[in-house]
Amino acid sequence: MEEGQALARITPARRMMTLAGEAPLPRVLSARQKAAVIVRYLIAEGAKIPLAQLPDHMQQALAEQMGAMRLVDRQTLDAVVAEFLAELDSVGLAFPGGIEGVLSVMDGHISQSAASRLRRKAGVSAGTDPWERLTALPVPQLLAVIEEEAVEVAAVVMSKLPVAKAADMLGRLPGERARRIAFAVSLTGNIDPETVRRIGLAILAQIDSQPPRAFDTGPVERVGAILNVSPALTREEVLQGLEAEDAGFAEKVRRAIFTWVHIPARIPPRDVPKIIRMVDQVRLVAAMAFAAGKPGMEETTEFILSNISQRMAQGLREEVAARGKVKEKEGEEAMNLIIGAIRELEASGEVVMVVEEEE
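A few points on the structure. Keep in mind it's a predicted model, so treat the numbers as computed, not measured. (Residues numbered from 1 in each chain as written. Predicted model: local features only at pLDDT ≥ 70, side-chain atom pairs only at ≥ 80, totals over all residues. Heavy atoms only, no water.)

1. Observations regarding the overall build of the protein
(1) Moving on: The helix and strand tally for the protein stands at 21 helices and 0 strands.
(2) Moving on: Burial statistics for the protein: of 359 residues in total, 34% are counted as buried.
(3) Moving on: For the protein, long-range pairs separated by at least 24 residues make up 78% of all intrachain contacts whose partners lie at least 6 apart in sequence.
(4) Moving on: Roughly 22200 Å² of accessible area belongs to the protein as shown, and the carbon and sulfur atoms make up 56% of that amount. (Helix = DSSP H or I, 4+ residues; strand = E, 2+ residues; numbered from the N terminus. Buried < 20%, exposed > 50% of the residue type's maximum accessible area, 1.4 Å probe, protein only. Contact = heavy atoms within 4.5 Å. Areas by Shrake-Rupley, 256 points an atom, 1.4 Å probe, with all protein chains shown as cover.)

Okay, here's the thing in structure tokens:
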């Protein structure tokens, strides 16, 4: 590290650090004066110190202290650096400062609801930069807030986000609102930093005040996942009932459902061999035998057989013919097992399903 290299060069030939002035400082320095000495020495040696990560009030206090100091004699400099190095060597464990730092370390170890409660309880510290968190939030979460805010506020948010994320958000907004926000960005040049920070604090407080979600997925995905493994008769009855209650919701659920009959339209042919290797052949034969002679289901069987080696396909055809009739319960269980294998491959990124376009 540059800081470590700079400190190492202090021995044995140390030179006196000279700042404009006359009288040397006393040998006994305060903690703030010692910090100023270390920072000044590292800067003089060409080290890059991320002081901007400190809260504004600490940066200001450091600058004021450095401005009040004049000369430091060689003996005092040596003593300050030696003490600083000794403190570094004695550190056994460091904890991140503030709730956000703790939550970043404990990410994946505590629940989202517990993290949300901690943020609400702690509030937003006056010394923190809210945009560090805001720029890291996913686009859908930011979009939900921006859609309700004034155009000027949305323009400030767009200006603070990384270019790629801002472009993604702009593309998801309605055309007229996207145009107004883009124009408002041109008017943000004279906004002072404190106003931008206060806007960030207000948006962050709004996000933290939202109640934690009990479920990781939406209702459409949850209902679709349940119906995926339900018997075909039950699935169709439920969908018909949903259509009578809420046709829009029922249509979304139909799009979220992925069953045996959807395989030809949703699975790329090149990924069929991966799926076959994940499934027990006995279950695969049972599913194909159950699908024999059933419109829609039989097409899936042919799709699978046409995208594997001819030798394997011929062997499966012979086993299906020998298997004969399969009971409905056994056949649907076998199909659901194959669908589960596809979902696992999709979750791991080995299979990318084709997305059906909305009309």
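Having seen the model, we can carry on.
2. Overview of the packing of helix H8 (residues 139-146) against helix H10 (residues 163-172)
(1) Moving on: Put simply, H8 and H10 touch, their axes get as near as 10 Å, and they point 55° apart. Taken as axis vectors, H8 and H10 run oblique relative to one another. Here H8 and H10 pass one another in a crossing that is right-handed. For the pair H8 and H10, contact is made by Val139, Pro140, Leu142, Leu143 and Ile146 and by Lys165, Asp168, Met169 and Arg172, respectively.
(2) Moving on: Residue composition of the contact of H8 with H10, grouped by class: 6 nonpolar, no polar and 3 charged. (Axes fitted to C-alpha atoms, helices over the stretch in contact; angles between N-to-C directions. Parallel < 35°, antiparallel > 145°, perpendicular 65-115°, else oblique. Left-handed = near helix turned anticlockwise from the far one by under 90°. Nonpolar A, V, L, I, M, F, W, Y, C, P; charged D, E, K, R; others polar.)

3. Some remarks on the pattern of salt bridges
It is possible for side chains bearing opposite charge to pair when their charged atoms get close.
(1) Moving on: Per the stated rule, a full pass over the model turns up 11 salt bridges.
(2) Moving on: The salt bridge involving glutamate 243 is made with arginine 254; its shortest N-O contact spans 2.9 Å. Taken together, the residues span a long stretch of sequence, with glutamate 243 in helix H14 (residues 232-245) and arginine 254 in helix H15 (residues 247-256) at a distance of 11 residues.
(3) Moving on: For arginine 254, a relative accessible area of 28% puts it in the partly exposed group.
(4) Moving on: Each of the salt bridges in this network shares a partner with another, and the network as a whole consists of Glu194, Arg197 and Arg198. (Salt bridge = Lys/Arg side-chain N within 4 Å of Asp/Glu carboxyl O.)

4. What about the side chain of arginine 266?
(1) Moving on: Here arginine 266 lies in helix H16 (residues 263-266).
(2) Moving on: Of the residues examined, arginine 266 reaches a relative accessible area of 11% and is grouped as buried.
(3) Moving on: A polar contact is formed between the side chain of arginine 266 and the backbone oxygen of valine 354, at a distance of 2.5 Å. (Polar contact = N/O pair within 3.5 Å; in protein donor to acceptor, adjacent residues only side chain to side chain.)

5. Comments concerning the packing of aromatic side chains
(1) Moving on: For the coordinates displayed, the defined rule picks out 0 aromatic pairs.
(2) Moving on: Positioned above the aromatic ring of phenylalanine 290 is the side chain of lysine 294, whose terminal nitrogen or guanidinium carbon lies 4.2 Å from the ring centre. (Phe/Tyr/Trp six-rings, centres within 6.5 Å; stacked < 30°, edge-to-face > 60°. Lys NZ or Arg CZ within 6 Å of the ring centre and 35° of its normal.)

6. Examining the packing of helix H13 (residues 219-228) against H14
(1) Moving on: At their nearest, the axes of H13 and H14 sit 10 Å apart, and the two run at 150° to each other. Considering the angle they form, H13 stands roughly antiparallel to H14. As for the relative orientation of H13 and H14, their crossing is left-handed in sense. For the pair H13 and H14, contact is made by Val223, Leu227 and Asn228 and by Arg235, Val238, Leu239 and Leu242, respectively.
(2) Moving on: In terms of residue class, the contact of H13 with H14 is made up of 5 nonpolar, 1 polar and 1 charged.

7. A few points about the environment of alanine 63
(1) Moving on: Looking at the element boundaries, alanine 63 is found in helix H3 (residues 56-68).
(2) Moving on: Taking C-alpha positions, alanine 63 is 8.0 Å from alanine 36, a pair spaced 27 residues apart along the chain.

8. A look at the nonpolar core
(1) Moving on: Core analysis: the largest hydrophobic core is formed by 34 residues, its most contacted members being Trp260, Ile263, Ile267, Met288, Ile338 and Ile342.
(2) Moving on: At the level of secondary structure, the elements contributing two or more residues to this core comprise helix H17 (272-278), helix H18 (281-291), helix H19 (297-305), helix H20 (310-323) and helix H21 (328-347).
(3) Moving on: Apart from the residues lying within four places of it in its own chain, the contact partners of isoleucine 342 are Phe258, Ile263, Ile267, Ile275 and Met353.
(4) Moving on: Within the second largest apolar cluster, 27 residues are counted, among which are Val145, Leu161, Ala178 and Val196. (Core = buried A, V, L, I, M, F, W, Y, C linked by side-chain atoms within 4.5 Å.)

9. Focus on a nonpolar patch on the surface
(1) Moving on: Together, Val102, Val105 and Met106 make up a nonpolar patch on the protein surface, roughly 220 Å² of accessible area in all.
(2) Moving on: Along the chain, the position of valine 102 falls in helix H5 (residues 98-105). (Patch = residues over 30% accessible without salt bridge, like charges linked within 9 Å, V, L, I, M, F, W, Y side chains within 5 Å.)

10. A look at H18
(1) Moving on: Counting buried positions along H18 gives 8 out of 11 residues, so the element sits mostly inside the fold.
(2) Moving on: Among all positions in H18, only Leu284, Val285, Ala286, Ala287, Met288, Ala289, Phe290 and Ala291 are buried.
(3) Moving on: At its buried positions, H18 is contacted by H17, H19, H20 and H21.
(4) Moving on: Once H18 ends, the next one or two residues include glycine 293, with phi positive near 80°.

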